[in-house]
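Report on the structure
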4 protein chains.
Amino acid sequence: MRYSSKQIEPYGLDGHSLNAERLIDDVFGCPNGKVFFLAGGTQTNMVFISSALKNHEGVISTVSGHINVHETSAIEGGGNKVLTVNGKNGKIYPEDIDMVMAKHIDMHMTKPKMVYISNSTEIGTIYTKEELLALRKKCDEHKLYLYMDGARLGAAITSKENDVLPCLIGQVCDAFYVGGTKNGLLLGEALVINNKALARDFRYVIKNKGAMLAKDYLLGIEFEEAFKDGLYFEIAKKTNDMAQYLKEGMRALKIDVEDSPTNQLFVALEKELALRIVKEFQTEIWEDKGDKLVIRFVTSFLTEKEDVDDLLAFLKKAQ
Amino acid sequence: MRYSSKQIEPYGLDGHSLNAERLIDDVFGCPNGKVFFLAGGTQTNMVFISSALKNHEGVISTVSGHINVHETSAIEGGGNKVLTVNGKNGKIYPEDIDMVMAKHIDMHMTKPKMVYISNSTEIGTIYTKEELLALRKKCDEHKLYLYMDGARLGAAITSKENDVLPCLIGQVCDAFYVGGTKNGLLLGEALVINNKALARDFRYVIKNKGAMLAKDYLLGIEFEEAFKDGLYFEIAKKTNDMAQYLKEGMRALKIDVEDSPTNQLFVALEKELALRIVKEFQTEIWEDKGDKLVIRFVTSFLTEKEDVDDLLAFLKKAQ
Amino acid sequence: MRYSSKQIEPYGLDGHSLNAERLIDDVFGCPNGKVFFLAGGTQTNMVFISSALKNHEGVISTVSGHINVHETSAIEGGGNKVLTVNGKNGKIYPEDIDMVMAKHIDMHMTKPKMVYISNSTEIGTIYTKEELLALRKKCDEHKLYLYMDGARLGAAITSKENDVLPCLIGQVCDAFYVGGTKNGLLLGEALVINNKALARDFRYVIKNKGAMLAKDYLLGIEFEEAFKDGLYFEIAKKTNDMAQYLKEGMRALKIDVEDSPTNQLFVALEKELALRIVKEFQTEIWEDKGDKLVIRFVTSFLTEKEDVDDLLAFLKKAQ
Amino acid sequence: MRYSSKQIEPYGLDGHSLNAERLIDDVFGCPNGKVFFLAGGTQTNMVFISSALKNHEGVISTVSGHINVHETSAIEGGGNKVLTVNGKNGKIYPEDIDMVMAKHIDMHMTKPKMVYISNSTEIGTIYTKEELLALRKKCDEHKLYLYMDGARLGAAITSKENDVLPCLIGQVCDAFYVGGTKNGLLLGEALVINNKALARDFRYVIKNKGAMLAKDYLLGIEFEEAFKDGLYFEIAKKTNDMAQYLKEGMRALKIDVEDSPTNQLFVALEKELALRIVKEFQTEIWEDKGDKLVIRFVTSFLTEKEDVDDLLAFLKKAQ
C-alpha cells in the first residue's frame, strides 16, 4: 500500500501519460499543447466541442462529416448545432465558410464558432498544406476555432500524396486529435488542445461527461509505445500500402476504382457481384447507382497481403 | 386575501385557460387534446420536441424550416438533431421521409422519430388535405410523430386556396400549435397535444424549461377572446387579403410577384429600387439574384389598405 | 408598412426597453450594466446560470433557495449542480462558502463558481449592507460570481429594517434581477449583468433557450413605467406595510407571529384553526409542528386594508 | 478481410459480450436482463440515469452518494437533479423516501422518480436482504425505479456479514451495475437493465453519450473471464480479507478502527501520525475531528499480506 510500489497514479496523471504528451507535442509541433486521452472518436468530438462552444454557437462541417452522420446526435446531445456545407471531395474550403457566415448574421440564427475538418476525410481524401493554411486564415478572419478530427490522421500523414508535415497540424489547429482506435490501438484517442483558453479545467470537463478512466494510464502507455519509435506511422503506412496494393490489383482486373490517397477505396461493381462480396468480405454498400453498387473497402492494421490476394482471386474468378 | 376575490388562479389552471382549451379542441377536431399556453414559437417548438424525443432521436424538417434556420440552435440546445430534407416549395413529402429513413439505419446514426412541418410554411405555401393525409400515413408506417408548427396556422386556414378543414389538423397531428404572436396577440402560442403519452407530466416539463408564467391566465384570456367568436380567423383573413391586394396592385404595375396563397410575397426588383424599399418600408432582402434582389413582404394584422396604397404609390413613382 | 408608423421594434431593441435599462442602471448603481427582460423568475435564473457556468461548475445556494426547491430542476436541466448550504435565516454567510470550498477540492467534484442569494429571501429575511460586502469579499477570494435573485427585491429595499441602498446591489453583484411578477407587473423580470464577460452574446443565449419574446417591448414598457417615478418601490412598500399591519393585528390578538421585515409572515396556529384558514384564505401550510401548523401569509400588491381586516375579524371570531 | 478471420465483431455485438451477458444474468437472477458494458462508474451512472429520467424527474441519493459527491456534476450535466437524504450509515431507508415524496408534491418541484443506492456503500456498509426488499416495496408504492451502483458489488456479496444472494439483486432492482474497475479489471462496468422499457434503444443512447467503444469486446472478454469460474468473487473476497486482516492487526495495536463489513476502514489517529501515514501510504484524510484525523484505508485486488504487515509495522513503530 506504499506509494510507488505496484500501482500507477490513476486518472491520467501518471508518467506514461506525461511522456506520451511530450512525444505527441513534439511530433505535431505544439510545444505547449495539452494532451488528454479519451476512449473513442465520438466521445472526443463531443467532449471537446461541447466544452469549447456555448449552446448558441455552432460547428461547421461537411455534410459527410463524422459528427454530422455517424455520431447518433452526440454533438447535438451536447447542445450544439452542426452547420453543414457541401464542400468538395469531403473537404471544406474557405468559400464554404464564407457562405455560412453570410447566412448567419443575427441572434435569431446559430452563431458559427468552429470549423470541423477530418484528415484523412470520411471518404479517404487528404488536405494539402496550402488548403490548411487557407482554412487557418479564413478562421482567423471570422474568429472561428479550427478543429481537426484525426481518427485517420496516420493515414493522411503517411499517404504518398501528402505534403503536410505533422508539425503543421499543431500550428494551424486550435485543437485536433490523434486517432488510436482506427490505427491499431486497443482503444484511445489523444486530444491535443493548443488554444490555452480551451484547455481550462479540461479534466473537470472530461469527468463531467463520464469520459474519465480510473486506469487512464492504459491509454498513456499505448500512445507512448505508438510514438516513441514511430510505430504509429509504420502501422498507418502499411494500412495505406495494402489499399494501394488492392487498388492496383483491381485495376489489373479492369475494375473501376476511384482514386484515393489513403486506405479507403470506392469501387463500382455490378449489383450481383457487389452483394456477394458484401456477404463474404468485411465491407459495405456505400451508394446505389442504379445499375451498379458502390462498395467501400477499408484496409486496416490487420490487413495482410494474403487477405488482399484472397479478395483479388475472388474477384478474378467472378469475372 | 380570500379566494375568488380579485386574484385568478395562477399557473394555467384558471377558468379562462380551461375555456380556451375547450374552444381550441372543438375547432381543431381533437376532443381530448391537452392544450398548453406558451410564450413564443421557438419556446413551444423546443419545449415540445425536447420532451417528446430522447437525445438520440431526431426531427425531420425542410432545410428552410423555422427550427432549422431561425431558432439559434434551440432544438439542438434541447439535445435533438434536426434532420434536413430539401422538400419542395417549403413542404415535406412522403418520399422525403423515405429517403431519411433509408439513410438512418443503425445505432451509429440519429434515429428519426418526428416529422416537423409548418403550415403555412416559412415561404407562405400551404399543405393540402391530400398531402396531410399522405404524411400521416407515412408517419404511421415509420412510427414517426407528426408535429405541425402553426405560427401561421390562421393564414393557412383562411387562404382562398386552402382545402384543409381546421378539424383535420387535430386528426392528423400528434401535436400542433396555434400561433398567437404572428396573428395579432400580445404574446402566446397554444400547443395542442393529442398523443396522450406525449402530454404526460407536461406542466412539469414547461416549468423545468423555465417556460411557465405565473400569470399564465393572460394567455388563456387572449385565446379565449380569439376563439370564442372567430376573431382569430378574422384577423388571419384580413392579413391574407391585404397581401392579395398588394399582389394585385403590384401586378397592375407589371411587377414580377411570385404566386402565394397567404400573407408572404416574394418580389424580384432591380437592386437600386429594392434597397430603397428596404430602407423605407418594413421588409427584408430574401435573396440576391445577381441583377435583381428578391424582397419579402409580410402583411400583418396591423397592415391597412392605406399602408398598401402608400407602398404601391411609392412603387409607381419609382418606375 | 413604413417604419415608425404603428409598429415598435421587436426583440427587445425598442426605445422603451432602452429607456427602462437606463432607469434601472441608474437606480441600482451600475452605469454599464446590461439589462435583459425575461418572462419569469425560474427562466431568468436558468438562462443566466446556465450561460455563466459550464457543466462542471456549480452554484452555491441555501437549502431553502428557490433554485433548489421550487424550479422543478430547471437549473439541473440547464446542466448545473446546486451546491446547498444550510445558512441561517434563509441567508448565506462567508463561512458557508468556506465550507463548500474546503470540500470541493479536485476534478472529481463539482467546481463551485457562483453564489446565489435571494433578497428578500424565500422566508422574508433581508441582507444587511455589511453582510453583502462580506459576501462580495469572500466571492473575490474564491473567484466566485455573486448573483442575486431579486424576485422580491422591492420588498427588501423598502423594508423598514433595510440599510442597503439600491445602488449597493449593482456594486456587489456580478448580476441580479429586479422582479416584476411578484411586484405587481403582468409578467417580466429585469436581469442586470454587470460583469461584462457574462453579458457576451446574451441575446443569442436568450433566444437559444426559447426565452425571447417577439413583442419584448411589452416588458420594456412595464419596467419603464415601474421605474420612471418610483412606482416599483411604492408597490413594494404598500405590500410590506400590509404585512406589518397584519402582524400587529395578530399580535394584538396574542397570536404567535415570527418577526419578519418584509411581506411574508409565518404564524403557528392550532391545527383545526389553521386548516380552516387555509380553506378560506389564500395561504399555505408551511410546516407541521405536531400540535401546531405553521401558516405562511404573503401579502401582495393586491392586498388592501379591508382584506387584512377581514382576516383579523375571522381570527378574532375563531378565538 | 473475410469475415470470421482475425477480427471480432465490433460495438458490443461479439460472442464474448453475449456470453458474458448470459453469465451475469445467471448469477444475478435476471434471465431477461439486458447487459451493456461501459467504461467507468460515473459514465454508467450518467448514461443510465439520464436515459431513464426526463429532466423534470429526480433521483434520490444519500448525501454521501457517489453521484452526489464524486461525479463532478455528471448527473446534473445529463439534466437530472440529485435529491439528497441523510440516510443512516450510508444507506437509504423507506422512511427517507417517504420524506422526499411528502415534500415534492407539485409541478413546481422536481418529481422524484428513481432511488439510487450503492452496495457496498461509499463508506463500506452493506444492505441486508430485508432492507432491499423493503426498499423495493417502497419504490413500488411510489412508482420509483430502484437502481443499484455496484462499483463495489463484489465486496458487498463476499462480505462475511452479507445475507443477500446475488440473485436477489436482479429481483429487486430495475437496473444495477456490476463494477469491474474497482474489482481488478482493466476497465469496465456491466450495466444490467431488467426493466424492459428502460432498455429500449439503449445502444443508441450509449453511442449518443460518446460511451461506445469500437472494440467493445475487450470489456466482454474481461467479464467473461471474471464470471465463468467465479474469479470476480474470488478477487472481491481477497480484498475484503485483507481489510479484515488489517483491522485485526490495528486492533491488536489498540488503534480505534470503526467496524466495517467490506474493504474500507475508517481509523481515527493522532494528527501528526495521520499526516505521516498519508504521506507514505496510499490513503486519504476522510474527516478532521479536531484533535484527531480520520483516515480511510481501502484495500484493493493488489493488496497483499506483506503490504498490510508493512503498514502494521509502521504503525507499531510509531506508537
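Residues numbered from 1 in each chain as written. Chains lettered and ligands numbered in written order. Predicted model: local features only at pLDDT ≥ 70, side-chain atom pairs only at ≥ 80, totals over all residues. Heavy atoms only, no water.

**With respect to the overall build of chain A**
The secondary structure content of chain A amounts to 14 helices and ten strands. Relative to the 2.2 N^0.38 estimate, which gives 20 Å for 319 residues, the radius of gyration of chain A is 21 Å and therefore close to what a compact globule would have. Going through the 319 residues of chain A one by one, you find that 63% of them count as buried. Within chain A, contacts between residues separated by at least 24 positions form 70% of all contacts whose residues are at least 6 apart in sequence. Accessible area for chain A stands at about 12,500 Å²; split by element, carbon and sulfur atoms hold 52% of it. Within chain A, the 46 negative side-chain charges are centred at a point lying 3 Å from the centre of the 40 positive side-chain charges. (Helix = DSSP H or I, 4+ residues; strand = E, 2+ residues; numbered from the N terminus. Rg over C-alpha atoms; globule rule 2.2 N^0.38 Å. Buried < 20%, exposed > 50% of the residue type's maximum accessible area, 1.4 Å probe, protein only. Contact = heavy atoms within 4.5 Å. Areas by Shrake-Rupley, 256 points an atom, 1.4 Å probe, with all protein chains shown as cover. Lys, Arg positive; Asp, Glu negative; His and termini not counted. Charge placed at Lys NZ, Arg CZ, Asp CG, Glu CD.)

**Description of the interface of chain C and chain B**
Each partner contributes to the interface: chain C provides 45 residues, whereas chain B provides 46 residues. Here chain C meets chain B over a buried area of about 4,200 Å², counting both sides, of which 54% is carbon and sulfur. Taken together, the elements giving at least two residues each to the side of chain C that touches chain B come down to helix 2 (41-52), helix 4 (74-77), helix 10 (202-208), helix 13 (271-280), strand 10 (292-298) and helix 14 (305-318) of chain C. It is helix 14 of chain C that contributes the most residues to the side of chain C that touches chain B, four residues altogether. Looking at the side of chain C that touches chain B residue by residue, the classes come out as 20 nonpolar, 14 polar and eleven charged. (Buried area = accessible area lost by both parts, 1.4 Å probe. Nonpolar A, V, L, I, M, F, W, Y, C, P; charged D, E, K, R; others polar.)

**Some points on the interface of chain A and chain D**
Taken together, the 45 residues of chain A in the interface contact 46 residues of chain D. Surface buried jointly by chain A and chain D totals about 4,200 Å² across both partners, of which 54% is contributed by carbon and sulfur atoms. Three residues stand out in chain A for area buried against chain D, namely Met1(A), Arg2(A) and Gln282(A), and they jointly supply 23% of the buried area on that side. Scanning the region where chain A abuts chain D turns up zero salt bridges. Counting across the chain A and chain D interface gives twelve residue pairs in polar contact (both at pLDDT 80 or more). The element best represented in the side of chain A that touches chain D is helix 14 (residues 305-318) of chain A, accounting for four residues. The residue makeup of the side of chain A that touches chain D, split by class, is 20 nonpolar, 14 polar and eleven charged. (Salt bridge = Lys/Arg side-chain N within 4 Å of Asp/Glu carboxyl O. Polar contact = N/O pair within 3.5 Å; in protein donor to acceptor, adjacent residues only side chain to side chain.)

**Some details on the side chain of Glu189(C)**
Structurally, Glu189(C) can be placed in strand 7 (residues 189-193). Lys215(B) provides the closest opposite charge to the buried, salt-bridge-free Glu189(C), at an N-O distance of 8.0 Å. Here the side chain of Glu189(C) touches Thr181(C) through a polar contact of 2.5 Å, side chain to side chain.

**What to know about the sheet that holds strand 7 (residues 189-193) of chain B**
Residues and elements named next belong to chain B. Here seven strands make up an open sheet; going across it, the order is 1-7-6-5-4-2-3 and the pairing mixed. In this open sheet, the two strands that pair with only one neighbour each are strand 1 (34-38) and strand 3 (82-85). Taken over all neighbouring pairs, the strand axes of this sheet differ in orientation by 25° on average, direction set aside. This element, helix 11 (residues 217-228), spans strand 1, strand 6 (175-179) and strand 7 of the sheet and lies at about 115° to strand 1. (Pairing = 2+ DSSP bridges. Axes fitted to C-alpha atoms, helices over the stretch in contact; angles between N-to-C directions.)

**Digging into the relation of the copies chain A and chain D**
Under the fitted operation, chain A is carried onto chain D by 0.0 Å of movement along the axis and a turn of 180°, and the coordinates agree to an RMSD of 0.0 Å. Interpreted geometrically, this transformation is the action of a two-fold axis. When the interface residues of chain A are mapped onto chain D, 100% of them again fall at the interface, so both copies present the same face. (Least-squares fit on C-alpha atoms with pLDDT ≥ 70 in both.)

**Notes on the relation of the copies chain C and chain B**
Screw-axis analysis of chain C against chain B gives a translation of 0.0 Å along the axis, an RMSD of 0.0 Å, and a rotation angle of 180°. Most of the interface of chain C is mirrored in chain B: 100% of its interface residues are interface residues there too.

**A word on helix 2 (residues 41-52) of chain A**
All names here are of chain A. With twelve residues, helix 2 extends 16 Å between its outermost C-alpha atoms, agreeing within 8% with the 16 Å of an ideal straight helix rising 1.5 Å per residue. The element helix 2 is largely enclosed, with a buried count of twelve among its twelve residues. Inspection of helix 2 places Gly41, Thr42, Gln43, Thr44, Asn45, Met46, Val47, Phe48, Ile49, Ser50, Ser51 and Ala52 among the buried residues, and these make up the whole buried set. (Expected span 1.5 Å × (residues − 1).)

**Considerations on the packing of helix 13 (residues 271-280) of chain A against helix 14 of chain A**
Residue and element names in this part refer to chain A. It is the contact of helix 13 with helix 14, at a shortest axis distance of 12 Å, that shows an interaxial angle of 150°. The angle between the axes of helix 13 and helix 14 places the two elements in the roughly antiparallel class. The hand of the helix 13/helix 14 crossing is right-handed. Touching Leu273, Arg276, Ile277 and Glu280 of helix 13 are Phe314, Leu315 and Ala318, all from helix 14. Here the residues of the contact of helix 13 with helix 14 sort into five nonpolar, no polar and two charged. (Parallel < 35°, antiparallel > 145°, perpendicular 65-115°, else oblique. Left-handed = near helix turned anticlockwise from the far one by under 90°.)

**A closer look at the confidence of the model for chain A**
In the predicted model, chain A carries a mean pLDDT of 95, and 98% of its residues have values of at least 70. Both scores are available for the predicted complex, with the pTM at 0.97 and the ipTM at 0.96. (pLDDT = per-residue confidence, 0-100.)

**Remarks on the packing of aromatic side chains**
Scanning the model with the defined rule gives 52 aromatic pairs over all chains in all. Ring plane angle 85° and centroid distance 5.9 Å describe the contact between Phe227(C) and Phe233(C), whose orientation is recorded as edge-to-face. Here Phe227(C) and Phe233(C) have matching classes, each one buried. Of the aromatic side chains, those joined through ring pairs into one cluster are Phe28(A), Phe37(A), Phe176(A), Phe223(A), Phe227(A), Tyr232(A) and Phe233(A). Here the basic side chain of Lys113(A) rests over the ring of Tyr145(A), its NZ or CZ set 5.5 Å away from the ring centre. (Phe/Tyr/Trp six-rings, centres within 6.5 Å; stacked < 30°, edge-to-face > 60°. Lys NZ or Arg CZ within 6 Å of the ring centre and 35° of its normal.)

**Observations regarding helix 12 (residues 231-252) of chain C**
With 22 residues, helix 12 of chain C ought to run about 32 Å at 1.5 Å a step, and its terminal C-alpha atoms sit 31 Å apart, in line with that. Count one or two residues on from helix 12 of chain C and you reach Lys254(C), which has phi positive near 65°.

**Describing unusual backbone geometry**
Residues and elements named next belong to chain A. Following Asn119, the chain continues into Ser120 via a peptide bond in cis, with omega recorded as -10°. Even without glycine at this site, Thr72 takes up a positive phi of about 50°. When its relative accessible area of 0% is taken as the criterion, Thr72 is described as buried.

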